[in-house]
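Spelled out, the chains give:
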Amino acid sequence: MEIKSTDNDSFRLVYDKCYSVLIRICYHVVYNMDIAEDLVQEAFERFYLKNITFPNEDEARYWLIRVVRNLALNHLRRGKRESAMLDKVRNRAAGKAADKDAQRILDEGETIKEVRKAVSELPENLRMVIILKEYGGLDYKSIGKVLGISEGNVKIRVHRARKKLEESLAGDEAYVY
Amino acid sequence: MCIDEALLSSYLDGELEEPYLSQTAEHLAHCAACRARLERLKGISAILAKDELPQEEIDSARERGLEVLERKLLGQEGRKPGFFRRRIEMGLGSMITAAAGLVVVFIGGFVLFGTSPEQTSEIIPSYTVQADSQNVRFVSDQETRGLDGYSLEEILSYLDSKGYNVDISIKGIQPIE
Ligand SMILES: [Zn+2]
């Protein structure tokens with residue numbers, strides 16, 4: 001079914017279908033729920049304002065994931081300095097998501113910290129692939145479409161990322177299988 | 001001959017096609033070493049999954065996001081009144097040099113004043129302040145961007161982007177800091 005991004009019904013359909021995937025991916029790049037929410041919201045605003053027609057839902061989904069990925073990576077590259085004030089306002093004005101976020105990490109203890117460290121230390125080309133795979137739940141074909149690489153390349157990167165994660169998580173007491 | 005580990009990784013992701021799928025399944029059935037390798041790969045996915053966002057957090061984020069987008073893009077309310085978008089720091093400098101005396105900036109019935117870098121802008125209805133070049137500062141002159149390094153416009157447009165009804169919340173805004 002053709003998707004017109006400014007059509008309210010199409011927009012709502014895509015929003016409901018894609019939100020979970022987008023927020024999961026974005027969150028695992030920036031590791032901050034409030035920021036992830038902002039960036040996903042921005043992606044949907046762009047989606048609406050760009051007034052694009054997609055041949056089907058999948059293409060709309062790839063487009064959104066691409067935009068969220070770029071926004072999230074830009075956010076990381078811009079660094080913390082610029083966002084310090086926004087965080088401050090955020091923590092006063094909203095901050096509920098961030099509080100929950102922090103609480104969860106506290107509850108889970110070391111495991112999450114170790115996992116995040118291991119994922120964060122992956123080179124970007126491997127990190128994004130594994131985030132799309134493990135947190136976005138995308139198949140190789142979709143990952144290839146989003147990143148503009150072949151499925152074969154996705155397969156190799158997923159495997160390499162797993163090997164590296166295995167190395168960095170090995171010896172970690174939390175790593176039980 | 002044992003299975004190449006990249007193949008195992010694809011097998012785990014359900015991405016293997018025939019004839020490799022049957023061959024791999026058959027080999028796994030009678031090779032404990034390969035089963036162990038597969039379990040190790042599963043273990044990595046499992047440990048990453050410990051850092052999943054809880055579904056209820058995703059659901060509430062999706063609802064929040066939709067409210068914001070509906071108001072901003074789809075709603076009937078339209079845009080916020082323009083005066084919040086005016087760059088408030090503009091013109092302040094020339095006013096100061098022209099008459100180093102009482103500087104009062106009226107915006108929509110509110111008065112803005114800057115006193116010291118420590119004390120940031122406040123919004124207080126019907127209030128005047130003695131101001132000169134010592135206690136009124138340019139936002140852009142400040143080197144470190146603390147909370148007071150942001151113009152009111154930036155703060156308001158941030159709040160606006162989060163979907164706050166600025167008209168109402170302006171009374172609720174605490175003097176920041
Ligand atoms: Zn074997």
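How each quantity is defined
- Residues numbered from 1 in each chain as written.
- Chains lettered and ligands numbered in written order.
- Predicted model: local features only at pLDDT ≥ 70, side-chain atom pairs only at ≥ 80, totals over all residues.
- Heavy atoms only, no water.
- Helix = DSSP H or I, 4+ residues; strand = E, 2+ residues; numbered from the N terminus.
- Buried < 20%, exposed > 50% of the residue type's maximum accessible area, 1.4 Å probe, protein only.
- Contact = heavy atoms within 4.5 Å.
- Areas by Shrake-Rupley, 256 points an atom, 1.4 Å probe, with all protein chains shown as cover.
- Donors = N, O, S within 2.8 Å, 3.2 Å for Na, K, Ca; no water.
- Tetrahedral: all angles 85-135°; square planar, octahedral: opposite > 155°, others 65-115°.
- Phe/Tyr/Trp six-rings, centres within 6.5 Å; stacked < 30°, edge-to-face > 60°.
- Core = buried A, V, L, I, M, F, W, Y, C linked by side-chain atoms within 4.5 Å.
- pLDDT = per-residue confidence, 0-100.
- Polar contact = N/O pair within 3.5 Å; in protein donor to acceptor, adjacent residues only side chain to side chain.

Caption draft 1: Structural view of the overall build of chain B. The helix and strand inventory of chain B stands at seven helices and three strands. Starting at the N terminus and ending at the C terminus, chain B contains elements arranged as α-α-α-α-α-β-β-β-α-α. Counting across all 177 residues of chain B, residues that qualify as buried make up 42%. Pairs at least 24 apart in sequence give 55% of the contacts found in chain B among residues at least 6 apart. Of the roughly 9900 Å² of accessible surface on chain B, 54% is carried by carbon and sulfur atoms.

Caption draft 2: Up close: the coordination of the zinc ion. Residues and elements named next belong to chain B. Within the protein, the atoms that donate to the zinc ion are C2 (SG), H27 (NE2), C31 (SG) and C34 (SG), at distances of 2.1 to 2.3 Å. Coordination geometry of the zinc ion: the four donor atoms subtend angles of 98 to 116° at the metal centre, consistent with an arrangement described as tetrahedral. For the zinc ion, the donor residues sit on a single chain with the sequence spacing C-x24-H-x3-C-x2-C. With C2 in the segment before α1 (5-12) and C31 in the loop between α2 (20-30) and α3 (32-49), this residue pair connects regions lying 29 residues apart in the sequence.

Caption draft 3: Expanded view of the packing of aromatic side chains. Residues and elements named next belong to chain A. Taken as a whole and assessed by the stated rule, the structure comprises 11 aromatic pairs over all chains. Taking the centre distance of 6.0 Å and the plane angle of 70° together, the rings of F11 and F44 count as edge-to-face. Here F11 is found in helix α1 (residues 8-30), whereas its partner F44 is found in helix α2 (residues 33-50), with 33 residues between them in sequence. Site record: aromatic cluster; members linked through ring pairs are F11, Y15, Y19, F44, F47, Y48, F54 and W63.

Caption draft 4: View of the nonpolar core. Residue and element names in this part refer to chain A. F44, F47, L64 and L165 are the most contacted members of the largest nonpolar core, which totals 72 residues. The element best represented in this core is α1, accounting for 13 residues. Residues contacting L64, with those up to four places away along its chain left out, are V14, C18, L22, A43, F44 and F47.

Caption draft 5: Local environment of the environment of D7(A). Checked against the element boundaries, D7(A) lands in the loop between β1 (3-4) and α1. For the pair D7(A) and Y48(A), spaced 41 residues apart in the sequence, the C-alpha separation amounts to 8.3 Å.

Caption draft 6: A look at the confidence of the model for chain A. Residues and elements named next belong to chain A. The pLDDT averaged across chain A works out to 86; a share of 80% of its residues lies at or above 70. The least confident element of chain A is helix α4 (residues 84-93), whose mean pLDDT is 54; the most confident is helix α8 (residues 140-147), at 97. Predicted confidence is poor over residues 173-177, with pLDDT under 50, and the contacts of this stretch with residues over four places away or in other chains come to 12 contacts.

Caption draft 7: Representation of α1(B) in the model. Residue and element names in this part refer to chain B. Of the positions making up α1, those classed as buried are E5, A6, L8, S9 and S10. The residue sitting at the N-terminus of α1 and contributing the capping side-chain oxygen is D4; that oxygen lies 3.2 Å from the backbone nitrogen of A6. Of the residues one or two after α1, G14 is the one with positive phi, at around 65°.

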